[in-house]
Amino acid sequence: MKTSTIVAATVGTLAVATVGYAIYFDQKRRNDPEFRRKLKKEKKRAMKQQKEEEKKKTTKTAQSVEEALASIKEDDFPTSMEEREKFCMDQLSTGEALFTRGPEGYDMAAICFYKALKVYPAPAELVMVYQKTIPPEVFTLVMGMLSMDVHKKQEKYYTVFPPKEMNVKVDELPEGITAEGQKVVRRGLIATKDFAAGETIYSETPIISSLEPSLEGKEFCHYCLKQIVEEESKVNCSTCTKVVFCSASCEKSASTEFHAVLCTKDSEDASTPERSLYDYTKETNNKYPEMIAKFLVRMVHEETLNSGEEYNLFDHIERLRFLEVRPSAAEEKEIELLKVALGSKIPGIEEFINEERYLTLKGKLLYNAYGISTSLNADRSVEPSPEQYRSERDAPVVGAGFYRVTSYMSHSCEPNTKIAYQDHNNNLAVVATRAVKAGEELHVGFINQKNGELSTEQRRQELFQHYRFKCMCPRCEAPEPVAVAAAVVAEAVVEAEAEAVEEATA
């Protein structure tokens, strides 16, 4: 008999037997209660066994991830770019060799791939490569290690930041309850010791700062924003005449951190990338595209230094509040200018600066930047830029700065601190305006209240317009003085009328 016939007959016999068993099984399930109970019990047992197996597998994976992560030390990673590149390729090669051995090599392979991920300049891209090229079991371990590392890093962040010598800490504070009854919390800045009125609580330099575009190249330092009183004290950029510095150290710092990349180099060609960005900020009187450019260049600069700091600039700013900025033609233009200005100098930056990331960065600047007052002339007139910044001062604002710690300060219409620029540069000092106790939240004014002339409604309107929140500080929650006075007068009138009626009827 042909093989095909035997196979066909066998398949036919099996099919008949299977159908016959199915009919028998269905009859027993319908008519035999004991069979049904037994069937249900077996089903439960099978489900329980499956859950236990899954739990064991999950526990084993979690243990593998934790053990693998514990075996990796920070000093395992090289520091220089050349060493990091070689290290990455070696780890990838070793990982590939290990997973080809099968399951027994998966744990060590995952460690290698994770180490490569830690030094790769674009980790998100490498994750996508992993997803397509390495076994799912290894990929799960790598992602588990990454997730656990991120979680530990997040938990640790506020234990080391801000530094203890700054006398403040960041803590979670209640902000209200949602319609569903869930508690809403926010982060605020808390004093860790007592301070007397007039005492400086801490000071800090900005991540980045920028002059008002109308002041560039005149008598204010491009780096620290200090006013240059004597003409002979000015230090010019070695390659352009668009900016000036107050000292050689400021010129060197600016060049190292961002200006070497963003310098126009006195190009007469308005279409050059750096000149186009510079001209745009001048024409629109908008400093924020330049501030974002400075931030991105400084971020790359710090990454290349690899100073050993656990948290980079992005780690610091990703936790900050931000305003939602809706895309417009202006933002599209700014994104394009940044990509062109930085694209040829920073590999991969064009992919990094997408619309979502740019709008988020701009939103963080708009919400957290502080107006900087360094002018020695209190009556100086400065053309204000259309973008906002936190400022309660009457002094002329010459630029804006973005600060790591002070960004956590919350607003109050009766603040217990004020911002001061005691060195007449962008170094910001937080000064107590009254006695402050340890454990007390620090507040500052986001708006100029014009010596108390603004009403509660006006203050709330301005705060909501710029920062999208309704102020609930004690001053705003208290009745307006005018309303209180009116109520007192009305009560007095009622009492007087009542007395008059009593006298008339006496």
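Model, not experiment: these values are computed from the prediction. (Residues numbered from 1 in each chain as written. Predicted model: local features only at pLDDT ≥ 70, side-chain atom pairs only at ≥ 80, totals over all residues. Heavy atoms only, no water.)

S.K.: Tell me about unusual backbone geometry, residues and numbers included.
M.R.: Omega for the bond connecting F161 with P162 falls within 30 degrees of zero, at -5°, which places this linkage in the cis form. If you check the backbone angles, K265 has positive phi at about 55° while not being a glycine. With respect to the helices and strands, the residue K265 is situated in the loop between α7 (248-262) and α8 (273-284). Even without being a glycine, N285 presents a positive backbone phi close to 55°. Note that N285 resides in the loop between α8 and α9 (288-305). (Helix = DSSP H or I, 4+ residues; strand = E, 2+ residues; numbered from the N terminus.)

S.K.: Describe in detail the confidence of the model for the chain, supporting the description with residues and values.
M.R.: Of all residues in the chain, 81% attain a pLDDT of 70 or more, and the chain-wide mean is 83. Taken element by element, the predicted model of the chain shows its lowest mean pLDDT in helix α1 (residues 3-31) (45) and its highest in strand β3 (residues 200-204) (98). Within the model, the stretch residues 1-21 combines pLDDT values under 50 with one contact to residues more than four positions away or in other chains. Predicted confidence is poor over residues 483-490, with pLDDT under 50, and the contacts of this stretch with residues over four places away or in other chains come to one contact. (pLDDT = per-residue confidence, 0-100. Contact = heavy atoms within 4.5 Å.)

S.K.: So what's going on with helix α5 (residues 123-133)? Which residues, and what values?
M.R.: Among the residues making up α5, those that are buried are L126, V127 and Y130. End-on, the buried residues of α5 take up no more than an arc of 105°, which puts them together on one face. For α5, the exposed residues lying more than 90 degrees away from the buried face are A124, Q131 and K132. In this structure, the buried side of α5 is in contact with α3 (81-99), α4 (106-119) and α6 (136-160). (Buried < 20%, exposed > 50% of the residue type's maximum accessible area, 1.4 Å probe, protein only. Arc of directions from axis to C-beta.)

S.K.: Describe the packing of α9 against helix α13 (residues 355-368), with residues and values.
M.R.: Contact pair α9 / α13: the axes reach a minimum separation of 10 Å and the direction vectors enclose 110°. As the angle between them shows, α9 and α13 are arranged roughly perpendicular. Here Y288, P289, M291, I292, F295 and L296 of α9 come into contact with α13, specifically with Y358, L361, K362, L365 and L366. In the contact of α9 with α13, the residues fall into 10 nonpolar, no polar and one charged. (Axes fitted to C-alpha atoms, helices over the stretch in contact; angles between N-to-C directions. Parallel < 35°, antiparallel > 145°, perpendicular 65-115°, else oblique. Nonpolar A, V, L, I, M, F, W, Y, C, P; charged D, E, K, R; others polar.)

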